[in-house]
Amino acid sequence: MRTGLARVMASDRGTAALEFVTAGLILLVPTVYLVVALASIQGAELAAAGAARQAARVFVQAQSEADASDESSAAVAFALADFGLPADAATVEVHCAPRPDACLTRLGTVTIAVQVRAPLPLVPDVLDLRRDASVTVQATSTNRVSRLWGAG
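Residues numbered from 1 in each chain as written. Predicted model: local features only at pLDDT ≥ 70, side-chain atom pairs only at ≥ 80, totals over all residues. Heavy atoms only, no water.

A. Examining the environment of Ala-90 more closely. Along the chain, the position of Ala-90 falls in strand E1 (residues 90-97). Under the relative-accessibility criterion, Ala-90 is labelled buried at 14%. Sequence separation between Ala-90 and Ala-48 is 42 residues; the distance between their C-alpha atoms is 8.0 Å. If we skip the residues at most four places from it in the chain, Ala-90 touches Val-76, Leu-80, Val-114, Gln-115 and Val-116. (Helix = DSSP H or I, 4+ residues; strand = E, 2+ residues; numbered from the N terminus. Buried < 20%, exposed > 50% of the residue type's maximum accessible area, 1.4 Å probe, protein only. Contact = heavy atoms within 4.5 Å.)

Now the structure itself:
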């Protein structure tokens, strides 16, 4: 015959709430982290696309190659700042056709590629892990130089 205390101890009453909380935390925490990480990557992707598009537009409308370089760098920094990313988080490459040495050629095309490293959230700065725990996203944009460039 069981005593009252042994009967209470042997019962399963009250364990469902504990199991629900435990299983909920095991499933909820990784899901929330995944959503936050994907939001960070999506933000970096949108920043790279906006930066590439604006930099290409500004580049082909500049008065000189020096102005084009400076203005496109400012456009990239501004686009990244809109998404809370520092200007040094991106690398920019400029490719010109048909003449790679002269980008602002009438009816030439300018392609700008912007690579942005999206840091994963909650990664500590210890041992430079933040640099390695990031996802690189890239966007490109191509614009044509006006056929009337330099005519004014």
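B. Local environment of the side chain of Thr-105. If you trace the backbone, Thr-105 turns up in the loop between E1 and strand E2 (109-119). The buried category is assigned to Thr-105, whose relative accessible area is 18%. When near neighbours in sequence (up to four residues on either side) are disregarded, Thr-105 contacts Arg-99 and Val-145.

C. Local environment of the side chain of Ser-72. With respect to the secondary-structure elements, Ser-72 resides in helix H3 (residues 65-82). Relative accessible area serves as the criterion here: at 6%, Ser-72 is assigned to the buried category. A polar contact of 3.1 Å, which involves the side chain of Ser-72, links it to the backbone oxygen of Ser-69. With near-sequence residues (within four places) excluded, Ser-72 lies in contact with Ala-55, Val-58, Phe-59 and Ile-112. (Polar contact = N/O pair within 3.5 Å; in protein donor to acceptor, adjacent residues only side chain to side chain.)

D. H3, seen in detail. With 18 residues, H3 extends 26 Å from end C-alpha to end C-alpha; this agrees with the ideal 26 Å at 1.5 Å per step. Along H3, the residues that are buried comprise Ala-68, Ser-72, Ala-75, Val-76, Ala-79 and Leu-80. Looking down the long axis of H3, one finds its buried residues gathered within 125° of arc, a one-sided arrangement. In H3, the exposed positions angled more than 90 degrees off the buried face are occupied by Ala-66, Asp-70 and Phe-78. Buried residues along H3 sit against helix H2 (15-60), E1 and E2. One or two residues past the end of H3 sits Gly-84, with phi positive at roughly 75°. (Expected span 1.5 Å × (residues − 1). Arc of directions from axis to C-beta.)

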